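Structural overview
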Amino acid sequence: MSDQDFLPAPAENTVLNREDAPRIHFDGSKNSAMETGRNRLLVTGMVVLLAFTVVGGRLITLATSSPDTDKKIARATAKPNAVGRGKIVDRRGVILAASLPIASLYANPQGILDADEAADKLAEILPDLSREELLVKLRGKGQFVWLRRNLTPQQVYDINALGVPGVAFADSERRVFPHGRVASHLLGMTDVDGKGIAGVERYFDDTLSNDGGRVQLSIDLRIQAILHQELTSVVARFNALGAAGVILDAQTGEVTAMVSLPDFNPNDVGTLHGEAGFNRVTKGVYEMGSTFKLLTAAMALDSGKVLLQDRYDARKPIRIARFRISDFYGKNRWLSVPEILIYSSNIGAAKMAMDLGGKAQKAYLTKLGLLRQSTVELPEVGTPLSPARWRDINTMTISYGHGIAVTPLQMAAAIATVVNGGYYRPPTILKKDKPKPGAEIIRQIFSEKTSGQMRNLMRLVVSRGTGKKANVPGYRIGGKTGTAEKQGNGGYRKKALISSFVAAFPIDAPRYVLLVLVDEPKGNKSTYYSATGGWVAAPTIANLVRRIAPMIGIRPVLEGDKPKTGKSKISKRRRAPVKAAFVPSSRKFVERARERSGAH
Amino acid sequence: MRQTTVLFVLLAGALSLALFSVKYQVQDLEGELVDLNRSIKVEQQAIRVLKAEWSHLNNPERLRGLAERHLGLDQVRPEQMQTFQNVSGKRGVWLGE
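Residues numbered from 1 in each chain as written. Chains lettered and ligands numbered in written order. Predicted model: local features only at pLDDT ≥ 70, side-chain atom pairs only at ≥ 80, totals over all residues. Heavy atoms only, no water.

Some words on the packing of aromatic side chains
Residues and elements named next belong to chain A. Taken as a whole and assessed by the stated rule, the structure comprises eight aromatic pairs over all chains. Consider the rings of Tyr203 and Phe204, whose centres lie 5.1 Å apart with planes at 65 degrees: the pair is edge-to-face. In this structure Tyr203 comes out as partly exposed when scored by relative accessible area, which is 42%. Here a set of aromatic residues connected by ring pairs shows up, and it is made of Tyr106, Phe144 and Trp146. Against the face of Trp535 rests Lys469, its NZ or CZ located 4.1 Å from the ring centre. (Phe/Tyr/Trp six-rings, centres within 6.5 Å; stacked < 30°, edge-to-face > 60°. Buried < 20%, exposed > 50% of the residue type's maximum accessible area, 1.4 Å probe, protein only. Lys NZ or Arg CZ within 6 Å of the ring centre and 35° of its normal.)

Dropping the structure here:
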């Protein structure tokens, strides 16, 4: 090609091309029709081209787009749809409360072909509905009538199998507590609309109302069930008004079990009446009685004003103002600090508290959280009662647990502080994650030394003192009995007692603090008509430990075995066979079991 | 010219057939998807019910009763708890039937 070709000569070129192309010439109307046809063709061509461009463009986008930008296309929605109110589970994940889909049966009377037949068939499956009642409903004038709510899956299946026209199911939800009464006060209840009205259901209503919101409690259902059963049996045995029990993790402040009797079945609103709805563990405030002497001793020893070997004159009752403080198990001699606890001497405790001083006593009680409401995550929380003016008489009575009323949960938390090295942790019903070091704010109230002394004293009470009935050979339990007279019209009622026992085990390195409190137990023949904490509550503690210890893997320390101490973890002595140990022969074992089952 | 026309007509026919069948396939798949989602929901509901029932059946008190009645089991006593060190020295200890 030469440069000549690029010279501008467009007009000439066009003319040339036109002349080269074969041209057909029409005249007049024919020519104009041809022009119209050409124009139309051009327009059509343009439109088609445009359409194909769009389709082509779309094809390219679809072909090149990566799959994850188009997730919405063809995917089964595997995520749970509308799960409803969240679950409540225990510390091991066992379901304590869940919402379940429930079918309710309704009918459209206009759609019923044969009301008689339908009523016959339905009455057979739903025995609680009479045939006449059903007939009235099925022959009604309206378009809609409820026949029965909350059907079981089996009933739904049976009714479907009938194939009766005009009846159908409506889906709804129902709160179910699979374990019934075992944790009734703790879990609380929901109303018919599924809204929490008590306990955890109410306190965590917002969390639970969010789809899938789950609440994990610190409760161990196995231990909770044991506590529930033991308390039920102690209430029955002593014909008591009620009982409260709490088991607290001594190291973390987590509530492992919490039972209040009488209780109710959260699945059945009808069982909730009178005292049954009252949570004695967190709402009830009680004068604890002698279990408070543990706190008095811990304070006195910790302050340094009283030494373990100090002795107090407990020969004569103390007379102050118009009161007279005397001992229940009077020894009428001088008592050392350990003896004051072993024999549960009111006189000794009062004198110890006076050495400590009312101001210091009040300061310690404040630090132990005993003078204000507990922060536990429940709506039912009681306010402790304490004197407005802290006089000497108050200091004295408080030293042995009178003139101050606290909730059992607060008492357990205070005792946990005494035994765990002196660290106060507010009790909680939520499972704690392993705390990061330093993340948790813990107040040390007693020194490690005081705590160690108190553990020894508590052990003495059980091995030699008023708490002997709480002893279980093999498990080292420490504790203290408490017997308080209930206040009546302007005074204390001798016959109406609050009998309690607070214990820690294993006492050398406490895992759990247990508190059992029985309201107005009546002594019977087996207790020689005594209803004190040592007779009523202590055996329950023993039963609890006997059943819980194997479950949580605490090895018994049997006779001949050296008690476990902090320092010698693996000693060679351990290797020697234990004399008292034996494995029961199978026959004897099975026979004993048969005897038991026969009795049932 | 005629060949091209025939070719395009055939192509158009083939494409519309293909489109037709793909459309119906998609419709079927969509129906299947709805069914699947519905059955997933039903299964999820069933799982919830079964989990609650499982929890109910595992009630510690119930299990204790069953173990006492049918297995002849009783509460573990302290003497029954042993370490391997203690057990290893005693050969032929019969632990059960």
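That shown, we press on.
Description of the packing of helix α15 (residues 408-419) of chain A against helix α16 (residues 448-464) of chain A
All names here are of chain A. Where α15 contacts α16, the two axes come as close as 7 Å, and the packing angle between them is 110 degrees. By the angle between their axes, α15 is roughly perpendicular relative to α16. On α16, the residues that touch Ile415, Val418 and Val419 of α15 are Ser451, Met454, Arg455 and Met458. Looking at side-chain class alone, the contact of α15 with α16 contains five nonpolar, one polar and one charged residues. (Axes fitted to C-alpha atoms, helices over the stretch in contact; angles between N-to-C directions. Helix = DSSP H or I, 4+ residues; strand = E, 2+ residues; numbered from the N terminus. Parallel < 35°, antiparallel > 145°, perpendicular 65-115°, else oblique. Contact = heavy atoms within 4.5 Å. Nonpolar A, V, L, I, M, F, W, Y, C, P; charged D, E, K, R; others polar.)

Notes on the side chain of Arg280(A)
Residues and elements named next belong to chain A. Relative to the elements of secondary structure, Arg280 occurs in the loop between β9 (255-261) and α10 (292-303). Taking relative accessible area as the criterion, Arg280 reaches 2% and is therefore assigned buried. At 2.8 Å, the side chain of Arg280 forms a polar contact with the backbone oxygen of Leu261. Once residues within four sequence positions are removed from consideration, Arg280 is found in contact with Leu241, Gly242, Ala243, Ala244, Ser260, Leu261, Pro262, Glu275, Tyr286, Pro408 and Asp519. (Polar contact = N/O pair within 3.5 Å; in protein donor to acceptor, adjacent residues only side chain to side chain.)

Digging into the sheet that holds strand β18 (residues 512-519) of chain A
Sheets are built from strands that pair by backbone hydrogen bonding, the pairs being arranged parallel or antiparallel. Residue and element names in this part refer to chain A. An order of β9-β8-β18-β17-β16 is seen for the five strands of this open sheet, with the pairing classed as antiparallel. In this open sheet, the two edge strands, each paired with only one partner strand, are β9 and β16 (478-488). If you compare each strand with its neighbour and ignore which way they point, the axes differ by 15 degrees on average. Relative to strand β17 (residues 491-505), β16 runs antiparallel, the two being bridged by eleven bridges. Across the sheet, residue Thr483 finds its bridge partner in β17, namely Ser499. (Pairing = 2+ DSSP bridges.)

Remarks on the pairing of β18(A)
Residues and elements named next belong to chain A. Counting buried positions along β18 yields eight of eight residues, so the element is predominantly enclosed. Residue alternation in β18 divides its side chains into two sets, Tyr512, Leu514, Val516 and Val518 and Val513, Leu515, Leu517 and Asp519, and both sets are buried. Bridge count between strand β8 (residues 242-249) and β18: eight bridges; the pairing is antiparallel. Of the residues in β18, the one forming a bridge with Leu248 is Val513. Where β17 meets β18, eight bridges bridge the pair, whose relative direction is antiparallel. When the sheet's bridge partners are listed, Ala504 is paired in β18 with Val513. Linking two consecutive strands that pair antiparallel, namely β17 and β18, is a turn of six residues.

Just geometry here; none of it tells us what the structure is for.
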